[in-house]
Amino acid sequence: MLVNVHSYFSLRYGTLSIDEVITGLIQRGYDTAVLTDINNSTGALQYIKACQKEGINGLAGMEFRNGDELLYIGIARNTTGFMELNELVTEANRYKSNYPVKAPACKHVYFIYPFNKNDKDRKLAVNEFIGIRHIHLNQIRLLPSSVQQKLVMWQPVTFTGRDKYELHRQLRAISHNILISQLTEKQYADMMEVFPSKAQLLERFRDFPQIIANTERLLGNCSFDFDFSLHRNKKTFTGNHADDRILLRKYALEGFQRRYGKADKVAEIRVLKELEIIDNLKFSSYFLITDDICRYARSRGFHYVGRGSGANSIVAYCLQITDVCPIELDLYFERFLNPKRQSPPDFDIDFSWKERDEMYDYIFKRYRTSHTALMGAMSTFRDRSILREMGKIYGLPKAEIDRLIHDPHSMLNKNEVVSMILSVYDQMADFPNQRTIHASGVIISEEPITSYCALDYPPKGLPTMQFDMHIAEDIGYEKFDILSQRGLGHIKDCVEIIKENTGEVVDIHQPRKFFVDEKINTQLRSSNTIGCFYIESPAMRQLIAKLDCKDYLTLVAASSIIRPGVASSGMMKAYIERHHAPDKVEYIHPVFKEQLEETYGVMVYQEDVMKIGHAFGGLDLADADVLRRMMSGKGRSAKHLAEIEDKFFHHCSDMNYPEHITREVWRQMESFAGYSFNKAHSASFAVESYQSLYLKTYFPMEFMVSVLNNYGGFYSRKVYVNEAKKTGANVNLPCVNNSSYLASITGKEIFLGFDVMQNLESQYAQLIPHEREMNGPYTSMSNFVLRTGISLDQLIILIRVGALRFTGSCKKELLWEAHLMLSHTNRKRVDTDMFAFQEVSKPLLPKFDTQLVEHIYDELELIGFAVSASMFDMVRTDFRGDVIACDLKAYEGQVIRLVGDYVCEKYVRTKNGKVMKFGTFFDVNGDFFDTVHFPPSLAAYPLNGSGVYLILGKVVLDFGYPAIEVQKLAKLVVKPDPRSV
């Protein structure tokens, strides 16, 4: 009986979750209601599914508004009508247009206009009605019956009571970015939009039985039958399942011969087994579409990495979707696909960040835009965002909001406004705030996507679903993950840079050669991995050192145990201990030795949960995979999990396992499954890490240039420039006669690109090298100015960074000349043929003194870090410490002093909620060292970001890796800029 229900997917308007809407309908006695969120269908199918479960006649609709103006409510008569509503919203989003004031002609939609006193003159189509609220009933008593026949009960539902009403008003103020006191009546709902019972609603309209009958008749003509068990991805690649099966078999067997040759019967048997399962589950098209995407990438010369659970499949390996051999790594195909798995498999394909847009373009054109969309996501109100938004609408100054966030227990926060804000905190936590885009997901659909939701068109212009991956999975979609990363970009670029600088052509597509290369493994073992994909962070370098990692399989394991959940559970420490003393490992049960001897009885990969569930718990591999998925939160059937858990414990009881062992094994599985990588995913990461390591080992200078040009990885550019210097390269500041837009290398000379300059306008960063390439080197500053038409302020930036040092004049002389040349003119770029490189005479200037510290200040301001010297040259003291970083191991247990240039930090909370930090620094030689800041020392001696610190602490070794437990530290005083003294 309700035709206009809002959920909290009516963003910053509705206050009820889908569950609260359903509970409200049941408690208030409704059997029929329409969810009509404002200008979106995000929650529609989630609502329909919940209604089906509870036996409610759930219907889908939409409320259309231009800004705050309510135009009409659309109610889908059926699924076709739902598609019509979605297309109406999609069209408006695509062209950024308003909705028409009069509802468009939709054959399968009923439209309801809000009542106003002039409705007796409104001409309505057959499918159009007027909604009247009970507070306006007195205004229609004298209207002719012909008008009353078009009236239906209109009771908008937005909140359940006074507290939700206040929340609604707060959300409206946030939406309009105004103080709550500035809200006008048109900007929020009135108190009458509270959720009534069915009896209350009928009582309000008891004198108007025709209106009640009209409403029942309208809703009775609507039905929304939706089968949630169907798969909705594109069903075939070729046009029919039989041809898909034949084509996939052809491609797979061709790839088998390419990968294994004809004689490998073990691989052949597995290929044929997988093909049979893939065909039976009707997933051939999913493989073929992924293969098609990868074939296009290869045809364009794009380097990619296939990872995720897809790398468990030998068919994927034969198709060159992945480069991980599942036989070599003993990977379970059932982790990827099994007869009991109802959802399609999961392929993650990484491309360079520079090439992903072209891959999107191909996918959308190849599989039709109307059937292809980016996966949506929902940004929610969380933690700080709640406090900031609430503080703003109640007029708190920024300083007070910051204090509330960073020092919540301050006595200055004890006031009425803050108390009110905190009282709303729990209501708003995880509330939808705005729709956004999933990081990588693409949906390729059999039916037009507007059959299931409306589409948004964010700035990039690609259609984006209005719901997230969880709702997509519920209705039968599985996404293709088309990811981007900078690691692949620097690998590909490095190959090209090597060819340009050395003439050598390198092949990075044969990673097995790298796995057995002693020089590469020595580089890995040293943890000298800065710039290398996934293994450059302080935590990963520490882990590599602690493991004495010197081979591919150990790195595969490290890629998984580095995961935060694994580390915090103690499994990382257990693995390292056992890795160093495998002969002393005590297995919890003999099954662990049989199944997990490679990882010393520690569950390192998601597959290990399957192995133990199967071998210890008696589950078949399909049930073991279901268990893994449910434990990791990817399956939401509590009943099914309980059934599998029951099987597990019954089997263990039948096997007479000690109960405490059984429960400990279950606890380990349960705590571990959600955190680790699957082995194939870790193996894929390790392959890419080895490709990076190969380039860093044999071509270190070119490698660091490629890292810089792909804008780094874990660290700032300062770190990568330091690393480039350590390779033996001479790193130069930008130069108008040598630099390109990006960093470049000739021999051992690296010139930073103009992109490194923070305040240089992009047009000049592109123009300067282009003009030089077209017409030769610049011969003087005046020649440069005339040829580029550069403005005075931009010329000053170039002078201060040293980009005109080719002139032989010092910066101060050049600055004088620049002002004399340009301060009274509005010079434009001149065609070189017209001025024949005319020179401007130089003024006679005195000799200027310049100190190194002046250059460093310029570089810090204009680039963000020092290039021509180090930050150690900035501090007043010459003391650099008692020891250097590379000798720390020799000082175990001793308290030492060391001076370090801050690189980065990581903060964590201890078990009692206190903050501690882990720091990373350079010493005077540019070598890394790490610090540990426990809560007492951190509170007394804070680590406050960039700078050079004097650190006092004790050297500790953890599995041979040194760190300094900080007792005291202080940021050293820097020399002043003499120009400002």
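Computed from a prediction, not measured in an experiment: that's the story for all the values here.

Draft legend 1. Structural view of the environment of L488. Residue placement: L488 occurs in helix 17 (residues 486-502). Sequence-wise, L488 and A429 are 59 residues apart; in three dimensions their C-alpha atoms are separated by 37 Å. In this structure, L488 is in contact with H303, Y304, V305, D350, F351, S352 and E688, ignoring residues within four places of it in sequence.

Draft legend 2. Here's a closer look at the pairing of strand 9 (residues 348-352). The buried count for strand 9 comes to five of five residues, which makes it a mostly enclosed element. Bridging between strand 8 (residues 304-307) and strand 9 involves four bridges; their strand directions are antiparallel. Along strand 9, the bridge assignment pairs Y304 with F351. Bridge count between strand 9 and strand 14 (residues 480-485): five bridges; the pairing is parallel. Bridge pairing in strand 14 places D350 opposite L483.

Draft legend 3. Region of interest: the UniProt feature "domain: DNA polymerase helix-hairpin-helix motif" (unreviewed entry) in the protein. This chain's UniProt record puts "domain: DNA polymerase helix-hairpin-helix motif" (unreviewed entry) on residues 728-813. Split by type, residues 728-813 is 41% helix and 10% strand. Its first and last C-alpha atoms lie 32 Å apart.

Draft legend 4. Structural detail: the packing of helix 17 against helix 29 (residues 679-698). Their axes nearest at 10 Å, the elements helix 17 and helix 29 cross at an angle of 30°. When the axes of helix 17 and helix 29 are compared, the pair comes out roughly parallel. The two elements helix 17 and helix 29 cross, and the hand of that crossing is left-handed. Contacts between helix 17 and helix 29 involve G487, L488, H490, I491, C494 and I498 from the first element and E688, Q691, S692 and L695 from the second. Considering only residue class, the contact of helix 17 with helix 29 consists of five nonpolar, four polar and one charged.

Draft legend 5. Seen up close, the sheet that holds strand 17 (residues 749-751). Spatial ordering of the open sheet is given by 15-17-16, a layout of three strands whose pairing is mixed. Strands at the two margins of the open sheet, each flanked by one partner only, are strand 15 (730-732) and strand 16 (744-746). The sheet shows a mean angle of 25° between the axes of neighbouring strands, taken without regard to direction. Where strand 16 lies against strand 17, three bridges are found, and the strand directions are antiparallel. By the bridge assignment, S744 is partnered in strand 17 with F751. In the packing of helix 30 (residues 700-709) onto the sheet, contacts are made with strand 16 and strand 17, and the angle to strand 16 comes to roughly 160°.

Calculation rules
- Residues numbered from 1 in each chain as written.
- Predicted model: local features only at pLDDT ≥ 70, side-chain atom pairs only at ≥ 80, totals over all residues.
- Heavy atoms only, no water.
- Helix = DSSP H or I, 4+ residues; strand = E, 2+ residues; numbered from the N terminus.
- Contact = heavy atoms within 4.5 Å.
- Buried < 20%, exposed > 50% of the residue type's maximum accessible area, 1.4 Å probe, protein only.
- Pairing = 2+ DSSP bridges.
- UniProt positions renumbered as here; feature names shortened; annotations may be inferred.
- Axes fitted to C-alpha atoms, helices over the stretch in contact; angles between N-to-C directions.
- Parallel < 35°, antiparallel > 145°, perpendicular 65-115°, else oblique.
- Left-handed = near helix turned anticlockwise from the far one by under 90°.
- Nonpolar A, V, L, I, M, F, W, Y, C, P; charged D, E, K, R; others polar.

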